[in-house]
Amino acid sequence: MFFRTFLERDIAVEGKAVESMVKLETVTKKVEGFSLKEISMEIPGGYICGLIGPNGAGKTTLLHLIMGLLKPDEGSVSIFGKNFSEEEAAIHDDMGVVLQERLFDSYLSLKENGAYYGRFYSRYEEVYFLELLQKYGLEPGRKYKALSKGEELKFQFAFALSHHPRLLLLDEPTGNFDPEFREEFLTDLKEFISDGERSVILATHLTDDLDRMADYITYLEDGKMLLSQNIEELREGYRMLRGEAYKIKLLPQENIIYMEQGEFGAKALIEHRRRFQYDAALTVSYPTIEELMYCMTKRRKGGKRC
Amino acid sequence: MLRNAWYAYGKAYSLENLKRLWNFSAIWIFFYMLFLLPVNILEVQDGKHLALYYLKMLPLMFMILNNALVLLTMPKRMFLCPMNKQQRKKYVLNLFWIKVLVPVLVGIVFNLLELFLFKTSMVYFGSLVIAFFVVNFSTCLFPQLNAREKRKRGWENLIMGASSVWNGINMLLACVQIGLIMYLEKYEKALSMGEGIALGISTVIQILLCILIWKKNMPCIIAEATDYEICFRIRKNSEKNALNRG
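Residues numbered from 1 in each chain as written. Chains lettered and ligands numbered in written order. Predicted model: local features only at pLDDT ≥ 70, side-chain atom pairs only at ≥ 80, totals over all residues. Heavy atoms only, no water.

(A) Structural context of the pairing of strand β4 (residues 34–44) of chain A. Residue and element names in this part refer to chain A. β4 sits mainly inside the fold: nine of its 11 residues count as buried. Taken together, the eight bridges between strand β3 (residues 20–31) and β4 define a ladder with antiparallel strand orientation. Bridging from a neighbouring strand, S20 pairs with P44 of β4. Hairpin connection between β3 and β4: a loop of two residues separates the two successive antiparallel strands, and G33 in this loop has a positive phi of roughly 70°. (Buried < 20%, exposed > 50% of the residue type's maximum accessible area, 1.4 Å probe, protein only. Helix = DSSP H or I, 4+ residues; strand = E, 2+ residues; numbered from the N terminus. Pairing = 2+ DSSP bridges.)

Written out as structure tokens, the structure is:
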């Protein structure tokens, strides 16, 4: 099946059933000039979920729904098995966020901001927060308004980790990080989920990082969820072929998702079947997330299969 | 109440709170130096300048409109903090006290100082106190009307605010009072017994109306200010309006 979801999946890590961190059931939300349509997804503990899609696909709106900032028009959102209407404070206590916007008080220093917002969280650790600031090269006495975009996201990330959340929501953070910090960030994210009880949702359109660390991919376009799948299954289910166009066209048409012909040959994303025998002249590889995203978007926009 | 107001700005009685209060006062001092002080000096040197009364209202208007807007633009981060609806309402209410009442108190202190330092007339002082009440409580309604009337935008809301019955009466009374004060100043008349009683009664009615309007609308303002979607729609609209105006 081309579009699969992992709703109702029975997931276990090291033989232990893992509680769903996030569960969305047929969620519909209309915002100004845009709507999310019937989104269903489930994210278990101990995983990094990449939320991908072109600009304006609805990634941020979906994150806002998961954060409880927006209420769904239809369907339900439950986080750690709880609803926002009943246990909003408990949910937010376990949730860390890094958003593109400036979230903190501009006129306070980093330390003051940490102390001010930290007191709302039951597990906030100021010592750990200051350690993280030092680790990320941020001076605690600096004013929040003086931070650059990248530094501001580092600060948000440090604060998010310092109150020990179970779920971390990140909205396109990596694009503003320098390469050195990006490595550190990815390492810290992996460490964050290492106990198998915490999860990360990372919305991005830069897919390089997801190739390296995401366990699940949810692909959105025009407010619709086209795909929500384990990355291993996803890679296993598709192949990228490069070579002569007529050799690709020998495969069943319904399995060719998108094909593009260039001056020096063609490339195509195909739905892989074990029975397929690929021509030896074709280069066969696992698709990267970027290639998957590109081909699926092209196909949705009316791109030809062949 | 004061303790709650402090709480809204972080750890109780901490240095950060004092800094914040200083920020508020600093804005007042800035406006005072910019508008009121030159006006007062001019007034002392050059007799009466009725138009200057309006000028004196400007910083007040800026201040109060700013407060009303800030009330509904609390940091997005607060919506993500572990608070339930009740706790968030308390936070906004505390914000209201410190954003609206503190400037009023600071303003009254400044005007008292003005009264004694520059020997301005008691009538003028009274008019400013009245204006404080009217502008403060009336402008609080505009954001709320913004939220309720989703189809209407920008300045239409101001007209709507003025056209709501209680608010309209209130504004009318304020105009009559200011007109009366201007008349008295122009013809250098002292208040007669009848005029004094009329002014006194109208002021009492006005204050009662303010309380009525506030009591009636405050729960709505709080409820709407604690709703992220409404709060940020208002912010977005006000940004759009600012852009259009700019």
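There is more to say after this.
(B) A look at the packing of helix α3 (residues 110–118) of chain A against helix α4 (residues 126–135) of chain A. All names here are of chain A. Two elements in contact, α3 and α4, have axes whose closest approach is 11 Å; the angle formed by their N-to-C orientations is 145°. Considering how the two elements wind past one another, α3 and α4 form a crossing that is right-handed. Judged by residue contacts, L110, K111, G114 and A115 of α3 engage E126, F129, L130 and L133 from α4. Residues belonging to the contact of α3 with α4 are distributed by class as follows: five nonpolar, one polar and two charged. (Axes fitted to C-alpha atoms, helices over the stretch in contact; angles between N-to-C directions. Left-handed = near helix turned anticlockwise from the far one by under 90°. Contact = heavy atoms within 4.5 Å. Nonpolar A, V, L, I, M, F, W, Y, C, P; charged D, E, K, R; others polar.)

(C) View of the pattern of salt bridges. Residue and element names in this part refer to chain A. All chains considered together, the criterion is met by 13 salt bridges over all chains. The salt bridge partner of E152 is K149, with a shortest N-O separation of 3.7 Å. Placement of the pair is E152 and K149 together in helix α5 (residues 149–162), with a separation of three residues, close to one helical turn. A relative accessible area of 0% means that E152 is categorised as buried. Through salt bridges with shared partners, one network takes in D94, R123 and R166. (Salt bridge = Lys/Arg side-chain N within 4 Å of Asp/Glu carboxyl O.)

(D) Representation of the side chain of D93(A). Inspection of the secondary structure assignment puts D93(A) in helix α2 (residues 84–93). Buried charge D93(A) goes without a salt bridge, the closest partner of opposite sign being R123(A) at 4.2 Å. Within the structure, the side chain of D93(A) is placed 2.4 Å from the side chain of S122(A), a separation counted as a polar contact. Contacts of D93(A), omitting those with residues within four sequence positions, involve F120(A), Y121(A), S122(A), R123(A), H163(A) and P82(B). (Lys, Arg positive; Asp, Glu negative; His and termini not counted. Polar contact = N/O pair within 3.5 Å; in protein donor to acceptor, adjacent residues only side chain to side chain.)

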